Amino acid sequence: MKPKTIRIGTRDSELALWQAHTVERQLNALGYETEIVAVKSTGDLILDVPLYELGITGIFTKTLDVAMIKGEVDIAVHSMKDVPTALPKGIVQAAVLERANVDDILVYKGNPDFYTEAATIATGSLRRQAQWLNRYPHHSVTDIRGNVNTRLKKLDESEWNGAIFAAAGLERINKLPNNHITLDWMIPAPAQGAMVVVAMEHDAFCREAVAKLNHTPTEIATHIERQFLRRLEGGCTAPIGALASSIDGAIRFEGVLLSIDGQEKLHIEKVIPPDADYTNVGNDCADEILQNGGVELMDKIRSQLKK
Ligand SMILES: NCc1[nH]cc(CCC(=O)O)c1CC(=O)O
């Protein structure tokens, strides 16, 4: 009997294809036959509206979810931070790959010493906007959309001083420019820098194959970060950052919720000792933030985004 070829679903951007080929190579090394199926996602087609105004989460993943449910692909590869915290019924997380660089970076134009002056920084992310304005209240932030290549080109053709990117995205496609600064003070998006492979719950063959690619420390870190996000936002989008990193067997978690204008900031930091139970840390940290002004702040954010 001919062995089953695993059809790998992916978006068709350069970054998405790089990620899908990485998964393909790892499956091939384990002896599995594969085929890449690239699709255009709604999120890539609507480029003139800010992401948060589209009002639905999962805009980058929905097309592939549908393709997988229809049986057109067997698995799908995503940047994990683009995946809604609740997966559609019947779809499961089959593996989280080892995380790359988690940092956000600023690609700047001209003189990078503009921090004390007026400046315009481009980002389509509420989280980046809020954290930038919190640190540089005298700057303005402008929206930018499109895949990584499109955004680099838009920055190049603009009058903006800089634009914010995930380092992982630029490094993967070898497009990290020299004129960049690592924003080590900015808390990344939950699961930034991690790739996830999803499969159909009933597909034992693919789940078993893909499970071999799982990297447990990354799975644990992203579990905590996404649990924090899910409990805090309750289905709506908000400026939320979260990072769990391991230090000598312990896990250090840092989470943040900001107002859209960056003026209010609720921050939490916790160290989970080695071998302690981490399964509810994300929920506990979110609850602590909610009890310390987070409920009111989330209400305010929701009413502002509805307008
Ligand atoms: N929202 C788009 C997106 N989704 C994943 C990445 C990069 C890779 C990653 O963060 O895992 C990017 C680009 C960016 O944020 O600049």
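Conventions we followed
- Residues numbered from 1 in each chain as written.
- Predicted model: local features only at pLDDT ≥ 70, side-chain atom pairs only at ≥ 80, totals over all residues.
- Heavy atoms only, no water.
- Pairing = 2+ DSSP bridges.
- Helix = DSSP H or I, 4+ residues; strand = E, 2+ residues; numbered from the N terminus.
- Axes fitted to C-alpha atoms, helices over the stretch in contact; angles between N-to-C directions.
- Contact = heavy atoms within 4.5 Å.
- Buried < 20%, exposed > 50% of the residue type's maximum accessible area, 1.4 Å probe, protein only.
- Arc of directions from axis to C-beta.
- Expected span 1.5 Å × (residues − 1).
- Domains from an automatic or database assignment.
- Core = buried A, V, L, I, M, F, W, Y, C linked by side-chain atoms within 4.5 Å.
- Near = heavy atom within 4 Å.
- Polar contact = N/O pair within 3.5 Å; in protein donor to acceptor, adjacent residues only side chain to side chain.
- Areas by Shrake-Rupley, 256 points an atom, 1.4 Å probe, with all protein chains shown as cover.
- Nonpolar A, V, L, I, M, F, W, Y, C, P; charged D, E, K, R; others polar.
- 1 Å grid on protein atoms, 1.4 Å probe; cavity = no way out; pocket = protein on both sides within 12 Å on 5 of 7 lines; lining within 4 Å.
- Points joined across faces, edges and corners; volume = space filled by probe spheres on them.

1. A word on the sheet that holds strand S8 (residues 162-166)
If you walk across this open sheet you meet the 5 strands as S7-S6-S8-S5-S9, and the pairing is mixed. The sheet is open, and its two edges are formed by strand S7 (140-142) and strand S9 (180-182), each paired on a single side. Across the sheet, the mean angle from the axis of one strand to that of its neighbour is 30°, orientation sign disregarded. Pairing analysis gives 3 bridges linking strand S6 (residues 120-122) to S7, with the strands arranged parallel. The partner of Ile121 across the bridge, within S7, is Val141. Packing of helix H5 (residues 148-156) onto the sheet brings it into contact with strand S5 (104-108) and S8, and relative to S8 it is tilted by some 165°.

2. Observations concerning helix H7 (residues 204-211)
Three or more residues of H7 are buried, namely Cys206, Ala209 and Val210. Burial along H7 is one-sided: seen end-on, the buried residues are contained in an arc of 90°. Away from its buried face by more than 90 degrees, H7 exposes Ala204 and Glu208. Contact partners of the buried residues in H7: strand S1 (5-11), helix H1 (14-29), strand S3 (75-79), strand S4 (91-96) and strand S10 (195-200).

3. Comments concerning H1
With 16 residues, H1 should cover 22 Å at 1.5 Å per step; its first-to-last C-alpha distance of 22 Å lies within 8% of that length. Trailing H1 by a residue or two, Gly31 shows a phi angle of about 100°, which is positive.

4. Notes on the domain arrangement of the protein chain
In terms of domains, the protein chain is made up of domain 1 (5-99 + 194-214), domain 2 (104-182) and domain 3 (224-302). Taken over C-alpha atoms, the centre of domain 1 sits 27 Å from the centre of domain 2.

5. Let's talk about the sheet that holds S3
Taken in spatial order, the 5 strands make up an open sheet running S2-S1-S3-S10-S4, and their pairing is mixed. A single partner strand is all that each edge strand has here, and the edge strands are strand S2 (33-39) and S4. Here the average twist between neighbouring strands, direction ignored, is 30°. For S4 and S10, the ladder comprises 5 bridges, and the chain directions are antiparallel. Residue Val96 lies in a different strand from S10, and its bridge partner there is Val196. In the packing of H7 onto the sheet, contacts are made with S1, S3, S4 and S10, and the angle to S4 comes to roughly 25°.

6. A short note on the nonpolar core
As a rule of thumb, nonpolar side chains are buried together in soluble globular proteins. If you look at the biggest cluster of nonpolar residues, it comprises 27 residues, and the most contacted ones within it are Ile224, Phe228, Leu232, Phe253 and Leu257. At 8 residues, helix H9 (residues 281-306) tops the list of elements feeding residues into this core. In contact with Phe228, not counting residues within four places along its chain, are Ile240, Gly241, Ala242, Phe253, Gly255, Val256, Ile268, Gly282, Cys285, Ala286 and Ile289. By size, the runner-up hydrophobic cluster in this structure holds 18 residues, among which are Ile8, Ala20, Met195 and Leu213.

7. A few points about the site of the ligand
Taken together, 14 residues are adjacent to the ligand, and Lys81, Asp82, Arg128, Ala166 and Gly193 come closest. Measuring from an oxygen atom of the ligand, one finds a side-chain N or O atom of Arg151 at 3.1 Å. The backbone of Ala166 places a nitrogen or oxygen atom 2.9 Å from an oxygen atom of the ligand. Its free accessible area being 390 Å², the ligand has 89% of it covered by the protein chains. Here the shell around the ligand is composed, by residue class, of 5 nonpolar, 4 polar and 5 charged. Here the shell around the ligand spans two domains, since at least three of its residues come from each of domain 1 (5-99 + 194-214) and domain 2 (104-182).

8. Some points on the layout of surface pockets
Estimated volume of the second largest pocket: approximately 340 Å³. Surrounding the second largest pocket, 21 residues form its lining, Pro217, Ala221, Ser245, Ser246 and Ile251 being those nearest its centre. At the level of secondary structure, the elements contributing two or more residues to the lining of the second largest pocket comprise helix H8 (216-233), strand S11 (240-247) and strand S12 (250-258). Classifying every residue of the lining of the second largest pocket gives 14 nonpolar, 5 polar and 2 charged.

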